[in-house]
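Next come the chains, spelled out residue by residue.
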Amino acid sequence: MLKHYFNFIAVTLCLLFTSALASAQLIEEPKDIPAEWSQPYPPFRIAGNLYYVGTADLACYLIATPKGNILINTGLAASLPIIKANVETLGFKFNEIKVLLTTQAHYDHMAAMAEIKKATGAQFMVDEKDAAVAEDGGKSDYALGGHGTMFKPIVADRLLRNGDMVSLDGMKLEMLHHPGHTKGSCSFLFDVKDGQKKYRILIANMPTIVTDKKFSELTVYPDIAKDYAYTIGEMKKLNFDIWLASHASQFELDRKHKPGDAYHPESFIDRKGYDESLNDLENEFLKKK
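Residues numbered from 1 in each chain as written. Predicted model: local features only at pLDDT ≥ 70, side-chain atom pairs only at ≥ 80, totals over all residues. Heavy atoms only, no water.

Now for the pairing of strand S6 (residues 123–127). As a general feature of sheets, a regular strand has side chains that alternate between the two faces. A large share of S6 lies buried, amounting to 4 of its 5 residues. Both strand S5 (residues 97–101) and S6 contribute to a ladder of 2 bridges, which runs parallel. Within the sheet, the bridge partner assigned to Leu100 lies in S6 and is Phe124. By the bridge criterion, 3 bridges tie S6 to strand S7 (residues 158–160) in an arrangement that is parallel. Following the sheet pairing, Val126 is matched in S7 by Leu159. (Buried < 20%, exposed > 50% of the residue type's maximum accessible area, 1.4 Å probe, protein only. Helix = DSSP H or I, 4+ residues; strand = E, 2+ residues; numbered from the N terminus. Pairing = 2+ DSSP bridges.)

If you want it as C-alpha cells, here you go:
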C-alpha cells in the first residue's frame, strides 16, 4: 500500500513539473528585437530623486523615497538582472521597491514585472484599460496579440484612471490616460526637488502607431482613432520642465547624456524636442487616419 502511495506521489509531482514546464514554455517574447533593447546601460541620476535604471533603449525609472521606491517599466524578461544591478549600483536595495508602474502593457516594458513583484512584494498598479492585457500576458493586445503569451501574466493590485494619484512617502505621481499605442497607455506627471530647485517631470508615453492595419479594420478597438486624437490633443497641453519617455531613443538620451557624465538635470529640459516629436507623430496619425 505504501509503495503505491509513493508511486502516486512521484507520478503527481512529475505531472506537476511537466505542466509547469509546459506553461513556462508557452511564454515567448518575439525574437526579432533591436539589440539596444537588451544592452546594459550605466544607471544615473536624472533630477532630484529620479534615476534612470533601464537598458540602452528600454527606459526604466526609479523614484526613491525614504520609505521605499517606485519603479516605472521593467523592459524584457532578461532585463531583470540589469535593473537589479542598476538599482544596487545607485546604492538602493532592490527589495525596497514598493510600487510598480508601467507606461504601456507591451512585453518590452512589462516582461519582468511579475518576477520583480514576486521578488520585492511591491504593488503593481496599471491603467484600467491595460489590466486585461497584463493579466493574459499580452495575448489580447489589439496590435501585438494573437501570438500566444509574450510575458508572464500579472494581476494588478490597483487599477488607475485618468488623473489618479500614486503616492509614496510624500511623492505624488499623476497618472494621465493617453490611449492609442495600447488601450491603456499612460504618462506620469510629478515634481522632484534638488535642494531649493523644483523640476516638473513628464514621463511620456509617446503615441506611436504600432499596427499596419487601417484603423477601420480594427474591430477589437473601434475607438482607436478617437483615442489617438484625444491623446495628441491632451499631450500638447501639458506643462513640464523635463520630459522623458518609454524608450530612450524617443527623448534622445544619447544626445543629452553620456555614460559617466556629471549630474546635469538641465540637459533634459527640451520643450522644443517634445513638440517636434509630437508634431511628427500627429502627422503620422493624420496620414493613417
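Text resumes after the structure shown.
Once that is clear, we can look at the environment of Pro259. Among the secondary structure elements, Pro259 is positioned in the loop between helix H7 (253–256) and helix H8 (271–288). The spatial distance from the C-alpha of Pro259 to the C-alpha of Phe44 is 8.1 Å, given a sequence separation of 215 residues.

Glancing now at the side chain of Asp136. Assignment of secondary structure puts Asp136 in the loop between helix H5 (131–135) and S7. It is Lys139 that comes nearest to the buried, bridge-free Asp136 among opposite-charge side chains, at 6.5 Å. Engagement of the side chain of Asp136 in a polar contact is seen with the backbone nitrogen of Lys139, the distance being 3.0 Å. Polar contacts involving the side chain of Asp136 include one to the side chain of Ser140, which spans 2.5 Å. Those residues in contact with Asp136 that sit more than four places away from it in its chain are Thr149 and Pro153. (Lys, Arg positive; Asp, Glu negative; His and termini not counted. Salt bridge = Lys/Arg side-chain N within 4 Å of Asp/Glu carboxyl O. Polar contact = N/O pair within 3.5 Å; in protein donor to acceptor, adjacent residues only side chain to side chain. Contact = heavy atoms within 4.5 Å.)

Within the open sheet, the 7 strands sit side by side as S1-S2-S3-S4-S5-S6-S7. Their pairing is mixed. The sheet terminates laterally at strand S1 (44–47) and S7, the two strands that pair on one side only. Adjacent strand axes in the sheet meet at a mean angle of 25 degrees, parallel and antiparallel pairs treated alike. Packing against the sheet, helix H4 (residues 113–120) makes contact with strand S4 (68–72), S5 and S6, and its axis sits at approximately 160 degrees to S5. (Axes fitted to C-alpha atoms, helices over the stretch in contact; angles between N-to-C directions.)

Before going further, it helps to examine the packing of aromatic side chains. The description of an aromatic ring pair rests on the distance of the ring centres and on the angle between the ring planes. Counted under the stated rule, the structure contains 15 aromatic pairs. Centroid distance Tyr41 to Tyr52: 5.8 Å. Interplanar angle 75 degrees. Geometry classified as edge-to-face. Of this pair, Tyr41 sits in the loop between helix H1 (2–26) and S1 while Tyr52 sits in strand S2 (residues 50–52); the two residues are 11 residues apart in sequence, bridging distant segments of the chain. We note that Tyr41, like Tyr52, is buried. Ring centres of Phe44 and Phe268 lie 6.0 Å apart, and the angle between their planes is 15 degrees; on these two criteria the pair is classed as stacked. Placement of Phe44 in strand S1 and of Phe268 in the loop between H7 and H8 is noted, with a sequence separation of 224 residues between them. Pair check on accessibility: Phe44 and Phe268 agree, each one buried. (Phe/Tyr/Trp six-rings, centres within 6.5 Å; stacked < 30°, edge-to-face > 60°.)

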